[in-house]
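Coordinates in review
The primary structure of each chain is shown beneath.
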Amino acid sequence: MYLPVPLVFSTLALATVLTAQEREVTTTKLGTGTVSIDYDPTELKGRSPEKDLPVGELFRMSSNQAAQLTTDVPLLFGGTVVPPGKHRLSARHDGKGKWEVLAFQGVPFYDAAVHHVVLPVKFAEEKDAMEALTLAASTDSKSPEQGAIKLHWGKFSLSLAPRALTTTKVESTLGGKPATFTFYGVPSTRETHRCIQRGDMLRVGTATQGGKDGVTFGIYGKRVDTQSNDVNLVFVNEALECGKGAIEANTKTIEMIKGFMADATAEHAKSMQGFMDAISKDIEATKSAMAAAEKLPAKVEIEGEVQTGQKAAGNLVVGSEKAEGAVVVKLQLGQGAATFKVTDAAFRK
């Protein structure tokens, strides 16, 4: 059963998604950067969100378009790193008290085709009920790199705990063009350590070509297998990884909106058309980015030279330096370390 308000993305909700409404924005300083959350407020009107939200369905954490996180610094949520940029947020639960938040880009609503990462979130029942949905970002006064993002609606709340990461930049080349390699100072926590032990991809940076059509790669550290300490550095072409799904989801949204146009009032139809025009521009921008990205590999994996017996490192240390025709990267956690030589030639098709 769907909620009778536009909180869950469904064809039933699209008819009211486009109502003009000023979004609420909350901003906070985190580490050396700024983090903000914007969303469309809504009221309870007799509903009980902790009971009435459908199991497994996406809650947009907002009326109308999904809530949006904007950050100019990389953020760590548990064992997941979110790079700088604009990220939509939606939540869901399994009906047994377990919640998760999905972060995604390039679309106003989540769709199964869209690339996303999962962020850990804490559910709580609050003492005081809130009639209007509120979503706020704040910073820990005792730890300026640690923050909180909290949604409160009725007696139900969801809380995220982002941590701002430091960065190190190295100028080099990528695919024959000048590029900036930005590495993140990911701390050694139980969650990041588990991520490495499982062999999951742990994001440690971003590499971006300069210029208007510059291609961006996400940089990840990945344990080769759980039977060894070998680690590879993986570069993922982000436009190719995310673009196809974003185009598919946005095209689907446009087609569904068209289905409501005939029955809409003139004012609402105008709002719908403006929304479709904006999505169409996003589709064209995504196609353009993909065309530029197709000149480079979808993924580049570089084997590391592993060293043991190093002086123990309490944090995941990401060291890098520019060498002739390459960037030398060193990842270290505990007494294990790996060095990678990232050459420009590795990114040429």
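Please refer to the structure placed before this passage.
These notes cover the structure that comes with them. Everything numeric here is computed off the predicted structure, so don't read it as measured data. (Residues numbered from 1 in each chain as written. Predicted model: local features only at pLDDT ≥ 70, side-chain atom pairs only at ≥ 80, totals over all residues. Heavy atoms only, no water.)

Counting its secondary structure elements, the protein chain contains five helices and 21 strands. Its C-alpha atoms give the protein chain a radius of gyration of 22 Å, within 12% of the compact-globule value 20 Å for 349 residues. Viewed in the frame of its principal axes, the protein chain has a C-alpha envelope of about 65 × 45 × 35 Å. Here the protein chain holds 349 residues, and the buried ones make up 46% of them. A fraction of 57% describes how many contacts in the protein chain between residues 6 or more apart in sequence connect residues 24 or more apart. Accessible surface for the protein chain amounts to roughly 17,100 Å². Of this, 50% is attributable to carbon and sulfur atoms. Between the averaged position of the 40 positive side-chain charges in the protein chain and that of its 40 negative side-chain charges there is a distance of 3 Å. (Helix = DSSP H or I, 4+ residues; strand = E, 2+ residues; numbered from the N terminus. Rg over C-alpha atoms; globule rule 2.2 N^0.38 Å. Buried < 20%, exposed > 50% of the residue type's maximum accessible area, 1.4 Å probe, protein only. Contact = heavy atoms within 4.5 Å. Areas by Shrake-Rupley, 256 points an atom, 1.4 Å probe, with all protein chains shown as cover. Lys, Arg positive; Asp, Glu negative; His and termini not counted. Charge placed at Lys NZ, Arg CZ, Asp CG, Glu CD.)

This paragraph deals with the nonpolar core. Counting 31 residues, the largest nonpolar core has Phe59, Met61, Leu89 and Leu151 as its most contacted members. Sorting the residues of this core by element identifies β2 (33-40), β3 (63-71), β4 (75-77), β6 (85-93), β7 (99-104), β9 (122-140) and β10 (143-160) as the ones contributing at least two each. With six residues, the single largest contributor to this core is β10. Sequence-distant contacts of Met61, that is, excluding residues within four places in its chain, are made with Tyr39, Ala67, Leu89, Ser90, Ala91, Val101, Leu133, Leu135 and Leu151. (Core = buried A, V, L, I, M, F, W, Y, C linked by side-chain atoms within 4.5 Å.)

The next point concerns the state of the cysteines. The final tally for this structure, using the stated rule, is zero disulfides. The structure places no disulfide on Cys195, whose sulfur is separated from the nearest cysteine sulfur, that of Cys242, by 17 Å. (Disulfide = S-S within 2.5 Å.)

The next thing to look at is empty space enclosed by the protein. Across all of its chains, the model carries one cavity of 30 Å³ or more by this definition. In terms of lining, the largest cavity is formed by Leu53, Pro54, Glu57, Phe59, Ala91, Arg92, His93 and Trp99. Considering every element that reaches the lining of the largest cavity, the biggest residue donor is β6, with three residues. Per-class residue counts for the lining of the largest cavity are five nonpolar, one polar and two charged. (1 Å grid on protein atoms, 1.4 Å probe; cavity = no way out; pocket = protein on both sides within 12 Å on 5 of 7 lines; lining within 4 Å. Points joined across faces, edges and corners; volume = space filled by probe spheres on them. Nonpolar A, V, L, I, M, F, W, Y, C, P; charged D, E, K, R; others polar.)

Now for the packing of aromatic side chains. One pass over the structure, following the stated rule, counts eleven aromatic pairs. Ring centres of Phe109 and Phe275 lie 6.2 Å apart, and the angle between their planes is 65 degrees; this geometry places the pair in the edge-to-face category. Taken together, the residues Phe109 in the loop between β7 and β8 (116-120) and Phe275 in helix α5 (residues 266-293) connect sequence positions 166 residues apart. The residues Phe109 and Phe275 share a single accessibility class, namely buried. Look at Phe181 and Phe235: their rings are 6.3 Å apart centre to centre, the planes differ by 80 degrees, and that puts the pair in the edge-to-face class. Of this pair, Phe181 sits in strand β13 (residues 177-184) while Phe235 is found in strand β16 (residues 231-237), placing the two residues 54 residues apart along the sequence. Take Phe181: its relative accessible area is 1%, and that puts it in the buried class. Residue Phe235 is classed as buried on the basis of its relative accessible area, which comes to 0%. (Phe/Tyr/Trp six-rings, centres within 6.5 Å; stacked < 30°, edge-to-face > 60°.)

Along the chain, the position of Ser172 falls in strand β12 (residues 167-174). Excluding residues that lie within four positions of it along the chain, Ser172 makes contacts with Lys177, Pro178, Ala179, Phe181, Lys322, Ala326 and Val327.

Looking now at a negative patch on the surface. Residues Asp225, Asp230, Glu301 and Glu303 make up a contiguous surface patch of negative charge. Take Asp230: it is sitting in the loop between β15 (216-223) and β16. By relative accessible area, Asp230 is classed as partly exposed at 40%. (Patch = residues over 30% accessible without salt bridge, like charges linked within 9 Å, V, L, I, M, F, W, Y side chains within 5 Å. Salt bridge = Lys/Arg side-chain N within 4 Å of Asp/Glu carboxyl O.)

On to the sheet that holds β6. Within the open sheet, the six strands sit side by side as β1-β2-β3-β6-β7-β8. Their pairing is antiparallel. On the outer flanks of this sheet lie β1 (24-30) and β8, each paired with one strand and no other. Taking each pair of neighbouring strands and ignoring which way they run, the sheet shows an average axis angle of 25 degrees. Sheet topology note: the β6/β7 ladder contains six bridges and is antiparallel. The residue of β7 that forms the bridge with Arg88 is Phe104. (Pairing = 2+ DSSP bridges. Axes fitted to C-alpha atoms, helices over the stretch in contact; angles between N-to-C directions.)

With 24 residues, helix α4 (residues 238-261) extends 34 Å from end C-alpha to end C-alpha; this agrees with the ideal 34 Å at 1.5 Å per step. Every buried residue of α4 is listed here: Gly243, Gly245, Ala246, Ile247, Ala249, Asn250, Thr253, Ile254, Met256 and Ile257. (Expected span 1.5 Å × (residues − 1).)

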